[in-house]
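Spelled out from the first residue to the last, the chains are:
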Amino acid sequence: MTSRDERVAKYMKTTPPIKRWLSVVVVLALVVWSFIFTGFSVGDLLYGVPQMVALVQDMFPPNWGYFSEIFEPMIETVRMAVVGTFIGAILSIPISLLCATNITQSSFISIPARFILNIVRTIPDLLLAAIFVAIFGIGQIPGILALIILTISVISKLMYESLEGIDNGPLEAMKAVGANKIKWIAFGVVPQAIASYMSYVLYAFEINIRAAAVLGLVGAGGIGLFYDHTLGLFQYQKTMTIILFTLIIVVIIDIVSQKVRERLI
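Because the structure is a prediction, the values reported are computed rather than measured. (Residues numbered from 1 in each chain as written. Predicted model: local features only at pLDDT ≥ 70, side-chain atom pairs only at ≥ 80, totals over all residues. Heavy atoms only, no water.)

A word on the overall build of the chain
Stage number 1. Scanning the chain from terminus to terminus reveals 13 helices and zero strands.
Stage number 2. Each helix (α) and strand (β) of the chain, taken in turn from the N terminus, gives the series α-α-α-α-α-α-α-α-α-α-α-α-α.
Stage number 3. Out of the 265 residues belonging to the chain, those deemed buried represent 34%.
Stage number 4. Here the analysis covers contacts within the chain between residues at least 6 apart in sequence; of these, 76% occur between residues at least 24 apart.
Stage number 5. Carbon together with sulfur atoms contributes 72% to the accessible area of the chain, which is approximately 16,000 Å² in total. (Helix = DSSP H or I, 4+ residues; strand = E, 2+ residues; numbered from the N terminus. Buried < 20%, exposed > 50% of the residue type's maximum accessible area, 1.4 Å probe, protein only. Contact = heavy atoms within 4.5 Å. Areas by Shrake-Rupley, 256 points an atom, 1.4 Å probe, with all protein chains shown as cover.)

Re the pattern of salt bridges
Stage number 1. Across all of its chains, the model carries two salt bridges by this definition.
Stage number 2. In this structure, the salt-bridge partner of Lys 157 is Glu 161, at a minimum N-O distance of 3.0 Å. Remark: Glu 161 and Lys 157 occur in helix 9 (residues 140–163); sequence separation between them is four residues, near one turn of the helix.
Stage number 3. Classification of Lys 157 as partly exposed rests on a relative accessible area of 22%.
Stage number 4. Here Glu 161 falls in the partly exposed class, since its relative accessible area comes to 28%. (Salt bridge = Lys/Arg side-chain N within 4 Å of Asp/Glu carboxyl O.)

Description of empty space enclosed by the protein
Stage number 1. Counted under the stated rule, the structure contains one cavity of 30 Å³ or more.
Stage number 2. A volume near 30 Å³ is recorded for the largest cavity.
Stage number 3. If you go around the largest cavity, the residues you meet are Glu 206, Ile 209, Arg 210, Val 250, Ile 253 and Asp 254.
Stage number 4. Every element with two or more residues in the lining of the largest cavity is listed here: helix 11 (181–215) and helix 13 (236–264).
Stage number 5. Partitioned by chemical class, the residues of the lining of the largest cavity number three nonpolar, no polar and three charged. (1 Å grid on protein atoms, 1.4 Å probe; cavity = no way out; pocket = protein on both sides within 12 Å on 5 of 7 lines; lining within 4 Å. Points joined across faces, edges and corners; volume = space filled by probe spheres on them. Nonpolar A, V, L, I, M, F, W, Y, C, P; charged D, E, K, R; others polar.)

Some details on the UniProt feature "transmembrane region" (unreviewed entry) in the chain
Stage number 1. When the UniProt feature table is mapped onto this chain numbering, "transmembrane region" (unreviewed entry) sits at residues 21–42, 81–103, 184–203, 209–227 and 239–257.
Stage number 2. Secondary structure content for residues 21–42 is 86% helix and 0% strand, and the end C-alpha separation is 29 Å.
Stage number 3. In residues 81–103, the share of helix is 96% and the share of strand is 0%. The end C-alpha atoms are 30 Å apart. (UniProt positions renumbered as here; feature names shortened; annotations may be inferred.)

Things to note about a nonpolar patch on the surface
Stage number 1. Together, Val 27, Val 31, Phe 35, Phe 40, Val 42, Leu 45, Leu 46, Val 49, Met 52 and Val 53 give the surface a local cluster of nonpolar side chains, amounting to about 910 Å² of exposed area.
Stage number 2. Those elements that place two or more of their residues in the nonpolar patch are helix 2 (17–38), helix 3 (42–47) and helix 4 (49–59).
Stage number 3. Note on placement: Leu 45 falls in helix 3.
Stage number 4. For Leu 45, a relative accessible area of 46% puts it in the partly exposed group. (Patch = residues over 30% accessible without salt bridge, like charges linked within 9 Å, V, L, I, M, F, W, Y side chains within 5 Å.)

Shown next, in the form of structure tokens:
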């Protein structure tokens, strides 16, 4: 059982039944309130079904001749994801260490670090890409910068939570024998966290492939420019070709990532 499972089990044992039921009622009330004030209607959804079906019908059969035109932009999208993930994964290491309370052991460091990370995480990647396009112009650089920040947001959040769940025994033993902070992290933290870190990097890479595919909608390079072009001209058969090509790339990356994770864990 992992430390998180243990915390959940402990919570279930120590929390009174009345408090648990009250929590369920509050959550259900929040859900109902959200449905009411967002105006969500199943009737409106069903009303739009015929238009959705008509749109899908317009996309078939895909324009396979368009494949040769989008091959290079798709490879460009993958390159953007690789660069953004690589740089973001490296930068996320010190950030996650600063956010983990059992590593910094100082709330004056971890709380501001988490606050800044939360601010960055609230900014949508499309908005980041649009801002960078305004600064650097249309091209791949704005997209890569947006993916770097997206990668930092994803990996740092997951990683510092994982770090706080590691076994503190080796850390306390190394501290007792006078190990400095660098050795403390290198020999006490890294061996326990490396598998989780690599898994999070692969997960971020999968996210970045999908994100990079749409960043072009705001001029940040990649295959998204062709999504915007074909949809704007109602060339839905070409759009379906792009969707299928993107799906193939994502599935391949997902299979490779799964194989790598199996070897790491």
